[in-house]
Amino acid sequence: MEQYHNDGFLKVPAQDYGIDDQLKTSLRQYTSEGNLLNEEIWRRNSKDQGTLTLQQSYIQENVQAYINLLVGSGLHAILEQVTGRSLFLTNLMHLVTDQQCRTLRWHRDSYLRNGSWIGPLPPPLKCAVYLNGAGPDSSVTGFIRGSHRFDPKNMYVDLLAAYTLFPYQAFQSVGEGDVVIFDGSILHCRKKLKSDKTREAIIFGLTTHTNGQQPYREDHQPVIDAFMDATGIQ
Ligand SMILES: O=C(O)CCC(=O)C(=O)O
């Protein structure tokens with residue numbers, strides 16, 4: 001718990017929660033090469049530097065597998081224990097990063113500028129499940145350790161810090177099914193792929209109050225409903 005609060009991110013190894021081969025197979029049922037080329041199923045998201053993104057209708061078709069991953073596996077309970085907060089699902093993305101994707105530069109999901117908050121408020125908690133592992137050469141999410149505790153409230157100082165604070169940069173290696181949870185107000189990035197191994201990840205967004213789910217309801221209602229049913233929250 002202390003490490004998460006100090007660093008702003010924490011790795012949870014696959015063996016610490018209940019992900020098994022059956023669940024992995026179910027989650028990867030649309031990831032064949034043929035399907036990845038089918039724009040009905042996977043679409044390149046220009047805002048996310050060309051990352052292949054599974055369309056929401058397929059996430060909804062397989063919603064129980066995603067909820068089993070988050071809730072049934074015990075992962076959600078670990079997230080609450082580590083952060084010391086109640087956490088409510090807002091959205092989820094299933095992403096494949098390949099050679100065509102560009103670098104997603106250093107950014108924070110939520111930050112204060114000129115007295116106004118930009119991005120979700122309160123800042124989200126993100127939970128990335130790396131289905132086929134990742135590392136410094138295969139587009140693992142990178143962080144500036146501890147930067148969630150330091151917001152200079154100035155875009156230029158922030159970016160300068162991100163590109164110069166090398167000792168604080170963290171690009172870890174993660175295995176199949178390993179999870180990294182991170183505070184959405186931390187400086188984070190995703191570098192261009194430098195190997196032939198594509199990266200496949202599911203990223204859950206969570207908030208600390210059910211009010212925070214409101215802006216996501218239009219696009220993610222079935223996923224939010226399934227999460228609320230599985231956790232027994234009214
Ligand atoms: O795909 C990644 O590793 C980065 C994701 C990201 O920036 C985010 O979820 O806010």
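Use the structure listed above.
Here is a short report on the structure shown in this document. (Residues numbered from 1 in each chain as written. Predicted model: local features only at pLDDT ≥ 70, side-chain atom pairs only at ≥ 80, totals over all residues.)

### A short note on the overall build of the protein
Going by this rule: Under the scheme used here, helices are H or I runs from DSSP no shorter than 4 residues and strands are E runs no shorter than 2 residues, and both carry numbers assigned from the N terminus. When we talk radius of gyration, it's over C-alpha atoms, and the globule rule is simply 2.2 Å times the number of residues to the 0.38. For every residue pair, C-beta atoms are placed from the backbone, and the pair is scored as a contact if these atoms sit within 7 Å.
Within the protein, the regular secondary structure consists of 8 helices and 13 strands. For the protein, the C-alpha radius of gyration of 17 Å lies close to 17 Å, the compact-globule estimate for 234 residues. Considered along the principal axes of its C-alpha atoms, the protein spans approximately 45 × 45 × 35 Å. Looking at the protein alone, contacts between residues at least 24 apart form 84% of all its contacts between residues at least 6 apart.

### Details of the pairing of strand 3 (residues 51-54)
To keep things clear, this is the line we draw: Two strands pair if DSSP finds at least two bridges between them.
Looking at chain direction, strand 2 (residues 42-45) and strand 3 are connected through 4 bridges and run antiparallel. Residue pairing across strands places tryptophan 42 opposite leucine 54, the latter belonging to strand 3. Linking strand 2 to strand 3, which pair antiparallel, is a turn of 5 residues; within it glutamine 49 sits at a positive phi near 55°. Bridge count between strand 3 and strand 4 (residues 88-97): 2 bridges; the pairing is antiparallel. Across the sheet, the residue bridging to threonine 53 is leucine 95, located in strand 4.

### Regarding the site of the ligand
Formally: What makes a residue near a molecule or strand is its C-beta atom, placed from the backbone, lying within 6 Å of it. When residue character is reported, Ala, Val, Leu, Ile, Met, Phe, Trp, Tyr, Cys and Pro are called nonpolar, Asp, Glu, Lys and Arg charged, and the others, Gly included, polar.
Neighbouring residues of the ligand: Leu95, Leu104, Asp109, Lys126, Thr141, His188, Arg190 and Ile203. Considered class by class, the residues forming the shell around the ligand number 3 nonpolar, 2 polar and 3 charged.

### A short note on the nonpolar core
Using the following cut-off: Note on terminology: a nonpolar core is any set of buried Ala, Val, Leu, Ile, Met, Phe, Trp, Tyr and Cys residues joined through C-beta atoms within 7 Å. Exposure is read from a count of other C-beta atoms within 10 Å of each residue's own; the residue is exposed at 12 or fewer, buried at 20 or more and partly exposed in between. C-beta atoms are placed from the backbone.
Grouped together as the largest cluster of nonpolar side chains are 46 residues, with contacts concentrated most on Cys127, Val129, Ile181 and Ile202. The contact partners of isoleucine 181, leaving out residues within four places of it in the chain, are Phe9, Leu10, Val12, Leu79, Val82, Leu125, Lys126 and Cys127.

### Things to note about the sheet that holds strand 12 (residues 188-190)
Ordered in space as 5-12-9-10, the 4 strands form an open sheet in which the pairing is antiparallel. The sheet is open, and its two borders are formed by strand 5 (104-107) and strand 10 (169-170), each paired with just one other strand. Inspection of the sheet shows strand 9 (residues 141-144) paired to strand 10 by 2 bridges, in the antiparallel sense. The residue of strand 10 that forms the bridge with isoleucine 144 is glutamine 169.

### Examining helix 6 (residues 75-83)
Under the convention used in this document: Directions drawn from the helix axis to the C-beta atoms are what define this arc.
Within helix 6 the residues assigned to the buried category are Leu75, His76 and Leu79. Down the axis of helix 6, the sector holding all buried residues measures 100°, keeping them to one side. At its buried positions, helix 6 is contacted by helix 5 (63-72), strand 8 (125-130), strand 11 (179-183), strand 13 (199-207) and helix 8 (217-231). Phi turns positive, to about 75°, at glycine 84, one or two residues after helix 6.

### Some words on the packing of helix 5 against helix 8
Selection criterion: For every element, the axis is a line fit to its C-alpha atoms; helices are fit only across the contacting stretch, and the angle between N-to-C directions ranges from 0 to 180 degrees. With respect to orientation, any angle under 35 degrees is reported as roughly parallel, any angle over 145 as roughly antiparallel, any angle of 65 to 115 as roughly perpendicular, and every other angle as oblique. We call a crossing left-handed when the near helix sits turned anticlockwise from the far one by less than a right angle, and right-handed when that turn is clockwise.
Contact geometry for helix 5 and helix 8: axes closest at 10 Å, N-to-C directions at 45°. Considering the angle they form, helix 5 stands oblique to helix 8. For the crossing formed where helix 5 meets helix 8, the hand is right-handed. Contacts from Val63, Gln64, Tyr66, Ile67, Leu70, Val71 and Gly72 in helix 5 reach Pro222, Val223, Ala226, Phe227, Ala230 and Thr231 in helix 8. Residue composition of the contact of helix 5 with helix 8, grouped by class: 10 nonpolar, 3 polar and no charged.

### Considerations on the sheet that holds strand 11
Ordered by their spatial adjacency, 7 strands build an open sheet running 1-11-8-13-4-3-2, and the pairing between neighbours is antiparallel. The sheet is open, and its two borders are formed by strand 1 (9-12) and strand 2, each paired with just one other strand. Put simply, the sheet's adjacent strands are angled 30° from each other on average, direction ignored. In the sheet, strand 4 pairs with strand 13 via 9 bridges, with the strands oriented antiparallel. Opposite leucine 95, over in strand 13, you have alanine 201 as the bridge partner. Contacts from helix 5 reach strand 4, strand 8 and strand 13 within the one sheet, and its direction differs from that of strand 13 by about 65°.

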